[in-house]
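# Structural features, examined
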Amino acid sequence: MNNNQKPSPPKHDPDEDKKRREQMQRQIRFSVGYLIAGIIMLWLIQEFILTPMTIQATELSYSDFRQKLAAGQIVTATISETDIVGKMKNPDPNGSPATVPFDTVIVPGNDPKLIDDLQAAGVEYGFQRPSSPAGALLLSWILPLVLLGAFWYFAYRRMSGGGLGGIFGVGKSKATEVKAAEVGVTFKDVGGADEAIAELQEIIQFLKTPEKFARLGGRIPKGVLLVGPPGTGKTLLAKATAGEAEVSFFETSGSEFVEMFVGVGAARVRDLFEQARKAAPAVIFIDEIDAIGQSRAGAVRFGGSDEREQTLNQLLAEIDGFQTGVSAPVIIMAATNRPEVLDPALMRAGRFDRQIAVGNPDLIGREQILRIHSQGIKLVADFDIGRAARMTPGFSGADLANVMNEAALLAARHNADTVTLDDFEAAIERVVAGLEQRTRVMNEQERTAVAYHESGHALVAELTPHGDPVSKISIVPRSRGALGFTMQMPTEDRYLLTVDELQDRIAVMLGGRAAEKAVFDKISTGASDDIMRATELARRMVTEFGMSELLGSVRYAGQQLQYLGSAIEDNSGLSPKTRELIDAEVQRIVTEQYERAQALLKGHRTALETVARRLLEQETVDGRAVQEALGVEEPASSRLVDR
Ligand code: ADP
Ligand code: MG
Ligand code: ZN
């Protein structure tokens, strides 16, 4: 067991170093590439632009030239130090033009009779001033080199954070600024997000009265990351934060920073922060930050990743660089529905270290949201918003807004004066048809199964001596597959776990299935994740922690091999017999705990019913409800019975 070391705060960030090294490498790569391209360009200029200007002439050997001179074919000649150029009669007597240019290489002073012969042949001849070598060099080499150098300099500057982007205007941020007076959204417009709102209060206090925080010397979070599925009101919350604090709001999206040209995104980030600082106090909101913040590790590298990486580096630099000063407080908020792909560097302390989960609303939340969105709508007098909320489990805030709007449209279509619950129901159908992929709408039977399943987890957690107390149970479907969840709140951080504790954990994991079995005598597919985790843990107990008496304190876990970025286990060193034994032991542990969970739940059947029923009614209940249900059922002392 090697998990007893406390994570020490990193003094020196290796990530940071790596980043800097990568940036250096990139710049070197860029410079070398540019040099090679430049040399090729120069060569091309020499070969195809400058040279053809001088010779488009027939190249004659000196003997040919002499022969043609003797034959009276040469018309004009200009003699320079290295060659004779001039015009001769067209070799094709009928061809046009009558004369064509020629060029002959000579060695000066080798043919003293040349002038006499030219004179004799009546050629119009002359000499060319020896060209200044400096001039030629300047024209054909230095000037292009200087031009190339200048271009390189600008490109390099932009790459490492200069400012050509600004010159072309592409480096301007596309963020829209909403002035404090025009934000017009407050927390009153956000329903069912009480927890998120509570967490944001501190940010608002800071934006409003930064001096107060400075006096106490506390460090204010600079970045807040809102995490949650689409349509749950992340953008709305960010805007409402600015609205509540009465500060300017800068809204932009991660994709606006991802551009084809390296450096543009980084320039935009710079520009955005500059604007915000000028307008401070302000809230910067970056929607879908995963577009730029994706983990740099393991990403397939194509041309585009360079740009994204630079933009990300610039963003990190800006976040690190600015002081959320007393005079000009700026808070950065960002939203994502895929927190798992974000670069860990973003989440480090001092950056987006405050994360707020925004989930699909529960029953009460949905009721609030429906109330908010029915404000402009004429509902029939006895419209039961509570029932409307009950009809829409798993809907996000945006879905609810959509349904309400759709209901109004339907009512208008049949010329009604008010919107009824029937309209609402019809609207749900329409919206759901469009949502099918996204939202799970569970039927009553499934809901009941999930309610018992989650209650099972919760009760076993409360009933086992080492189970962590339950803080919340919910049957609000999540977008990422889970139909419900049970949240446990450990009372302390644990680094060493005993066999008993691990067994209890396994029992809790299997409590869901045990409840389904106990109540319906039927099992469903809903427990596959639980089973996987329980099996995994049991296997580690046997192969890593040496907790099986049969196998002893020997490590059987294979070596972890890194294969194509994912860890796989190499078990080839184990004999078939050992493997069989391991499997048998794992199965024994899991089965024992499953049976234990079942026995516990059978013994507390009334509590199970109570909790499940409350869950079905309210969709979310907190841990106290579980403890209450058990407390009503029997005196507390009986909790030790199962030891
Ligand atoms: P996200 O940014 O999480 O995808 P948005 O904030 O863009 O979601 O929500 C889209 C719209 O849905 C909002 O403009 C609002 O009308 C409605 N909406 C979403 N969540 C809520 C909520 N919790 N309360 C009220 N309205 C909401
Ligand atoms: Mg949004
Ligand atoms: Zn479960």
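Since the structure is predicted, the reported quantities are computational estimates derived from the model, not experimental observations.

## Digging into the overall build of the protein chain
The secondary structure content of the protein chain amounts to 21 helices and 16 strands. Summed over its atoms, the accessible surface of the protein chain is roughly 34900 Å², and 56% of this surface lies on carbon and sulfur atoms.

## A word on the sheet that holds strand S11 (residues 354-357)
Read across the open sheet, the 6 strands follow the order S6-S8-S9-S10-S7-S11; overall the sheet is mixed. Looking at strand neighbours, the two that pair on one side only are strand S6 (176-178) and S11, the edges of this open sheet. Ignoring which end each strand starts from, the neighbouring axes of this sheet average 20° apart. As paired strands, strand S9 (residues 282-287) and strand S10 (residues 330-336) are joined by 5 bridges and run parallel to one another. Along S10, the bridge assignment pairs Ile-284 with Ile-332. In the packing of helix H8 (residues 234-245) onto the sheet, the strands contacted are strand S7 (223-227), strand S8 (248-253), S9 and S10, and the crossing angle to S9 comes to about 170°. Helix H9 (residues 264-279) rests against S6, S8, S9 and S10 of the sheet, and its axis sits at about 170° to S8.

## A few points about the nonpolar core
Formed by 48 residues in total, the largest nonpolar core has its most connected members in Leu-459, Ile-473 and Ile-506. Mapped by element, the contributors of at least two residues to this core are helix H16 (444-463), strand S12 (470-474), helix H17 (499-520), helix H18 (528-543), helix H19 (576-603), helix H20 (605-618) and helix H21 (623-633). Excluding residues within four positions of it along the chain, Ile-473 makes contact with Glu-454, Ala-458, Phe-485, Thr-486, Val-611, Leu-615, Glu-619, Thr-620, Val-621 and Val-626. Val-190, Val-224, Ala-245 and Phe-249 belong to the second largest nonpolar core, which has 30 residues in total.

## Quick look at the site of ligand 1
Neighbouring ligand 1 are 14 residues; Gly-191, Gly-231, Lys-234, Thr-235 and His-373 lie closest to it. Between a nitrogen atom of ligand 1 and a main-chain N or O atom of Gly-191, the distance comes to 2.8 Å. Burial of ligand 1 by the surrounding chains reaches 77%, relative to a free accessible area of 550 Å². Elements represented by at least two residues in the shell around ligand 1 include exactly H8, helix H12 (363-373) and helix H14 (397-413). Taken together, the residues that form the shell around ligand 1 break down as 5 nonpolar, 7 polar and 2 charged. Here the shell around ligand 1 spans two domains, since at least three of its residues come from each of domain 3 (176-295 + 306-357) and domain 4 (363-433).

## Some remarks on the coordination of the zinc ion (ligand 3)
His-453 (NE2), His-457 (NE2) and Asp-530 (OD) make up the full set of protein donors to the zinc ion (ligand 3), lying at 2.0 to 2.1 Å. The sequence pattern describing where the donors of the zinc ion (ligand 3) fall on their chain is H-x3-H-x72-D. Taken together, the residues His-453 and His-457, both in helix H16 and 4 residues apart, mark about one turn of the helix. Assessed through its relative accessible area of 6%, His-453 is described here as buried.

## Quick look at the sheet that holds S12
Here we have 3 strands laid out as an open sheet, ordered S13-S12-S16, and antiparallel in their pairing. Across the chains shown, the open sheet's two edge strands, defined by having one partner strand only, are strand S13 (485-488) and strand S16 (620-622). Each strand of the sheet is rotated relative to its neighbour by a mean of 10°, with strand direction disregarded. On top of the sheet, H20 reaches S12 and S16; it is set at about 130° to S16, its chief contact.

## Here we look at the pairing of S10
Along S10, 7 of the 7 residues are buried, which leaves the element largely enclosed by surrounding structure. Here S10 shows no split at all, with Val-330, Ile-332, Ala-334 and Thr-336 on one side and Ile-331, Met-333 and Ala-335 on the other all buried.

## A closer look at the packing of aromatic side chains
One pass over the structure, following the stated rule, counts 6 aromatic pairs. Ring geometry for Tyr-452 versus Phe-520: centroids 5.4 Å apart, planes at 85°, classification edge-to-face. Taken together, the residues Tyr-452 in helix H16 and Phe-520 in helix H17 connect sequence positions 68 residues apart. Owing to a relative accessible area of 31%, Phe-520 belongs among the partly exposed residues under this scheme.

## Some remarks on the environment of Gly-623
Looking at the element boundaries, Gly-623 is found in helix H21. Residues Gly-623 and Glu-462, spaced 161 residues apart in sequence, show a C-alpha to C-alpha distance of 9.2 Å. Not counting the four nearest positions on each side in its chain, Gly-623 is found in contact with Val-470, Ser-471 and Lys-472.

## With respect to the pattern of salt bridges
Tallied over the entire structure, the rule returns 20 salt bridges. Between Arg-66 and Asp-117 there is a salt bridge whose closest N-O contact spans 2.5 Å. Here the residue Arg-66 occupies a position in helix H2 (residues 62-70), and Asp-117 occupies one in helix H3 (residues 114-121), the gap between them amounting to 51 residues. Between Arg-588 and Glu-592 there is a salt bridge; the shortest N-O distance is 3.1 Å. Of this pair, Arg-588 and Glu-592 both sit in helix H19, 4 residues apart, which is roughly one turn of that helix.

## A few points about the confidence of the model for the protein chain
Chain-level pLDDT for the protein chain is 79 on average; 79% of the residues reach the 70-or-more range. Segment residues 160-168 is flagged for pLDDT under 50; beyond a separation of four residues in sequence, or across chains, it makes 11 contacts in the model. Predicted confidence for residues 634-643 stays below pLDDT 50, and this span has 12 contacts to residues more than four positions away or in other chains.

Basis of the calculations
- Residues numbered from 1 in each chain as written.
- Chains lettered and ligands numbered in written order.
- Predicted model: local features only at pLDDT ≥ 70, side-chain atom pairs only at ≥ 80, totals over all residues.
- Heavy atoms only, no water.
- Helix = DSSP H or I, 4+ residues; strand = E, 2+ residues; numbered from the N terminus.
- Areas by Shrake-Rupley, 256 points an atom, 1.4 Å probe, with all protein chains shown as cover.
- Pairing = 2+ DSSP bridges.
- Axes fitted to C-alpha atoms, helices over the stretch in contact; angles between N-to-C directions.
- Contact = heavy atoms within 4.5 Å.
- Core = buried A, V, L, I, M, F, W, Y, C linked by side-chain atoms within 4.5 Å.
- Buried < 20%, exposed > 50% of the residue type's maximum accessible area, 1.4 Å probe, protein only.
- Near = heavy atom within 4 Å.
- Polar contact = N/O pair within 3.5 Å; in protein donor to acceptor, adjacent residues only side chain to side chain.
- Nonpolar A, V, L, I, M, F, W, Y, C, P; charged D, E, K, R; others polar.
- Domains from an automatic or database assignment.
- Donors = N, O, S within 2.8 Å, 3.2 Å for Na, K, Ca; no water.
- Phe/Tyr/Trp six-rings, centres within 6.5 Å; stacked < 30°, edge-to-face > 60°.
- Salt bridge = Lys/Arg side-chain N within 4 Å of Asp/Glu carboxyl O.
- pLDDT = per-residue confidence, 0-100.

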